[in-house]
Amino acid sequence: MGEAKPFMIPKRDVWEAFKRVKSNRGAAGVDGQSIANFEVDLSNNLYKLWNRLSSGSYFPSPVRRVNIPKADGGTRPLGIPTVVDRIAQEVARRYLEPHLELVFHADSYGYRPGKSAIDAVRQTRQRCWRYDFVLDIDVKGYFDSIDWELLLKAVRHHTDCPWVLLYIERWLKVPVQMEDGRVVPRLSGTPQGGVISPLLANLFLHYAFDAWMARTYPHIPFERYADDIVCHCKTADQAEALRYVLRDRFAACKLVLHPDKTKIVYCKDKNRRDDFDHTSFDFLGFTFRARKTMWNGHPAHGFLPAVSRKALKAISRTIRRWTLHLHNDKSLEGLAAFANPHIRGWITYFGNFYRTKLRPALKRIDLFVIRWARRKFKRLRR
C-alpha cells in the first residue's frame, strides 16, 4: 500500500490540465522547458507533478518577465510560468472556477465560459442607445496592483480546500525573473500570463466593483471585461458623482483610478451634441462614437462601435511585417495558408460591427499580393 497523501487530487485532473495547457501553447518559463520537451517523458513528468501537488511539496518557480509592446507605444509586462506551473495552476483553476461562476455578475464578460468580448461590445452598444453618458473607467496597472490579503480573503470566502488556498498563496508570492536574469521579489499583483491569474483578477474586481455596484448603484448598468469597464449614466452629473465615489471605493481596495484615462463621454448622435470634452471612447478594440447609419431604409445617425484606430494600426503593422511581396518561394496557396487564419480572425471579430471600417486595412493585403505576383511572374511586371 502506498503512503496516503495529505491532499486528494485525482491524477485524471492533472492529465486534463496538461491537455488544456498544451492546446493553449505558450512560451517556455525560466527553466527553458517547452511543452514538446515536457512531452518527451510525459507520464513520468505528470506523475512527479501529481505527487508533489498531493504531498504539499510543490513549490512554483519564478515567473519569467517578458515585455509585450502595446498599440499605444508602451509595453505590457507578462509573467510566463514554467510548463509545470501552468499545469498546476490549471488543476486549481478547474477546481475553483465552477464555485466562482455561481456568484459572478452577468455583466462581467472577461475570461468566462460562454461569454465573449463581442457579447460585451453588443451589450454596450444597446445601452449607449438608452443612456446619454458613459463613464469610461481605467484602473492603473490593475494586474500588478491586486492586494494579496484582500484577494486571499475573497478566495477563502468561496472555498476551504486546503491545497487550493496553499498553492494560490505560493503562486501570488513567487518572485519574477527579469529579462536581464535578476530575480526580483513581488509585493502585490498576480502576473498577467499566469493560467489562474484571469480568474483571480475577476474575483478581486467582483468584490471591489461588480458586487459593490449591484449593491450601491443598482440603477447604473455596466459592462466589464477584466479591468476594462464602462458604466452607463443618465446625466453628466450622475457620471461625475459616480467617478468621485469610485475613486474612494477603489482606493479602499488599494487600486488607483487612472486620473487621465478615466473619462465621461457623451453618447448621443451629432444632431444633439452639446459642448462636451469627450464624444467617443474605446472598448475592447472598438471605438464608440456618433456615426451615419441606415434606419428603416433612411439615412440616420447613431452611436455605434467600429474597429478602433489603434486596432487598425496593429493590423497594418502585422501585414507590413509579413512582407508578402518578398516570398517568391511560395505559391499563392502558400501565401493564403499563412495569411488566412489571421484575416479570418480579424473579420470574425471586428466584422461584427460597421464592417466597412475594416476594408482599407485589409486592402493593403491585395497590394502586397500584387507586388508579389509582379516579382514572381515576368509577364505581370508591366
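Residues numbered from 1 in each chain as written. Predicted model: local features only at pLDDT ≥ 70, side-chain atom pairs only at ≥ 80, totals over all residues. Heavy atoms only, no water.

1. Comments concerning the overall build of the chain
Threshold: Helix and strand definitions here come from DSSP, where helices need a minimum of 4 consecutive H or I residues and strands a minimum of 2 consecutive E residues; each element is numbered from the N-terminal end. Whether two residues are in contact is decided by their heavy atoms: any pair within 4.5 Å suffices. Values of accessible area rely on a 1.4 Å probe in the Shrake-Rupley scheme; residue burial ignores everything except the protein chains shown. Neither His nor the chain ends is counted toward charge; the positive residues are Lys and Arg and the negative residues Asp and Glu. Working definition for charges: the position is that of NZ of Lys, CZ of Arg, CG of Asp or CD of Glu.
Looking only at helices and strands, one finds 13 helices and 11 strands in the chain. Each of the three principal axes of the chain carries a C-alpha extent, and together these read 80 × 65 × 40 Å. Considering only contacts in the chain between residues 6 or more positions apart, those separated by 24 or more positions represent 68%. Carbon together with sulfur atoms contributes 52% to the accessible area of the chain, which is approximately 20,200 Å² in total. Taking the average location of the 66 positive side-chain charges in the chain and that of its 39 negative ones, the two points are 9 Å from each other.

2. Points about the packing of aromatic side chains
For clarity, the cut-off: Any pair of Phe, Tyr and Trp rings, taking the six-membered ring for Trp, is counted once the centres come within 6.5 Å. Such a pair is stacked with planes under 30 degrees apart, edge-to-face with planes over 60 apart, and tilted for the rest. For every residue, the accessible area (1.4 Å probe, protein chains only) is compared with the maximum for its type, and the residue is labelled buried under 20%, exposed over 50%, or partly exposed between those bounds. Only when the NZ atom of a Lys or the CZ atom of an Arg is both within 6 Å of the ring centre and within 35 degrees of the ring normal do we say a charge sits over the ring.
Going through the model one piece at a time under the given rule, you end up with 26 aromatic pairs. Taking the centre distance of 5.9 Å and the plane angle of 90° together, the rings of Trp-372 and Phe-377 count as edge-to-face. Of the residues examined, Trp-372 reaches a relative accessible area of 3% and is grouped as buried. On the basis of relative accessible area, Phe-377 is assigned to the partly exposed category, the value being 29%. Of note, Lys-11 hangs over the ring of Trp-50, and the distance from its end group to the ring centre comes to 4.6 Å. A cation over an aromatic ring shows up here: Arg-291 above the ring of Tyr-354, its NZ or CZ 5.5 Å from the ring centre.

3. Focus on the sheet that holds strand β3 (residues 133-138)
Test applied: Here a strand pair is declared whenever DSSP counts at least two bridges between the two strands. Only the stretch in contact is used when a helix axis is fitted, and all axes are lines through C-alpha atoms; the angle between N-to-C directions ranges over 0 to 180 degrees.
In spatial order, the strands read β6-β7-β3-β8; together these four strands make up an open sheet with antiparallel pairing. The two strands at the open ends of the sheet, each matched to only one other strand, are β6 (222-225) and β8 (263-266). Each strand axis lies, on average, 20° off the axis of its neighbour in the sheet, ignoring direction. When β3 meets β8, the two strands line up antiparallel, connected through four bridges. Bridge pairing in β8 places Val-134 opposite Val-265. On top of the sheet, helix α5 (residues 117-130) reaches β3, β6 and β7 (228-233); it is set at about 160° to β6, its chief contact. Here helix α9 (residues 197-216) sits on the sheet and contacts β3, β6 and β7; the angle it forms with β6, its principal contact strand, is near 175°.

4. Comments concerning the environment of Val-245
With respect to the helices and strands, the residue Val-245 is situated in helix α10 (residues 236-252). On the accessibility criterion, Val-245 (25% relative accessible area) is partly exposed. With near-sequence residues (within four places) excluded, Val-245 lies in contact with Trp-212 and Tyr-217.

5. Describing empty space enclosed by the protein
Note the following rule: Buried and open spaces are told apart on a 1 Å grid over the protein atoms alone, a cavity being a set of points where a 1.4 Å probe fits but cannot get out and a pocket being an open set with protein on both sides within 12 Å along at least five of seven lines. Residues with an atom within 4 Å of a point are the lining residues. Grid points are joined across faces, edges and corners, and a volume is the space filled by probe spheres set on the points. Each residue gets one of three labels, nonpolar for Ala, Val, Leu, Ile, Met, Phe, Trp, Tyr, Cys and Pro, charged for Asp, Glu, Lys and Arg, and polar for the others, Gly among them.
Enumeration according to the criterion identifies one cavity of 30 Å³ or more in this entry. For the largest cavity, the calculated volume is near 100 Å³. Every element with two or more residues in the lining of the largest cavity is listed here: α4 (83-101), α8 (162-172) and α9. Sorting elements by how many residues they give to the lining of the largest cavity places α8 first, with three residues. Along the lines of polarity and charge, the residues of the lining of the largest cavity split into 10 nonpolar, five polar and one charged.

6. Remarks on the nonpolar core
Selection rule: Here, nonpolar core means buried Ala, Val, Leu, Ile, Met, Phe, Trp, Tyr and Cys residues that are tied together by side-chain atoms lying within 4.5 Å of each other.
The biggest cluster of nonpolar side chains holds 69 residues, and the ones touching the most others in it are Ile-87, Ile-137, Ile-168, Phe-209 and Cys-231. Sequence-distant contacts of Ile-137, that is, excluding residues within four places in its chain, are made with Phe-209, Asp-227, Ile-229, Cys-231, Leu-246, Phe-250, Leu-257 and Thr-262. In this structure, Ala-117, Val-230, Trp-346 and Ala-361 belong to the second largest nonpolar core, which totals 37 residues.

7. Re α9
Note the cut-off: One less than the residue count of a helix, multiplied by 1.5 Å, gives the span that helix is expected to have. Two axes are fitted around each residue, one to the seven residues ending there and one to the seven starting there, and the angle between them is reported as the bend at that residue.
Along its 20 residues, α9 runs 27 Å from first to last C-alpha, staying within 8% of the 28 Å computed at 1.5 Å per residue. The largest bend in α9 is about 50°, located at His-206. For α9, the buried fraction is high: 16 of the 20 residues fall into the buried class.

8. Digging into the sheet that holds strand β4 (residues 176-177)
The sheet built from four strands is open, its strands ordered β2-β1-β4-β5 with mixed pairing. Two strands lie at the open edges of the sheet, namely β2 (75-80) and β5 (183-184), each paired on one side alone. Summarising the sheet, strand β1 (residues 63-69) and β4 pair through two bridges and their orientation is parallel. Along β4, the bridge assignment pairs Arg-64 with Gln-177.

9. Focus on the pattern of salt bridges
Rules: Any Lys or Arg side-chain nitrogen found within 4 Å of a carboxyl oxygen on Asp or Glu counts as a salt bridge.
Applying the stated criterion to the full structure yields 16 salt bridges. Across the salt bridge formed by Arg-12 and Glu-16, the nearest N and O atoms sit 2.8 Å from each other. Here the residue Arg-12 and the residue Glu-16 both occupy positions in helix α1 (residues 11-23), the gap between them amounting to four residues, near one helical turn. The exposure class assigned to Arg-12 is exposed, which follows from its relative accessible area of 52%. Note that Glu-223 and Arg-127 form a salt bridge whose closest N and O atoms lie 2.7 Å from each other. With Glu-223 in strand β6 and Arg-127 in helix α5, this pair connects stretches of sequence that are 96 residues apart. Glu-223 sits in the buried class, given a relative accessible area of 0%. What makes Arg-127 buried here is its relative accessible area of 11%. A single network of salt bridges, built from pairs that share partners, joins Arg-12, Glu-16 and Lys-19.

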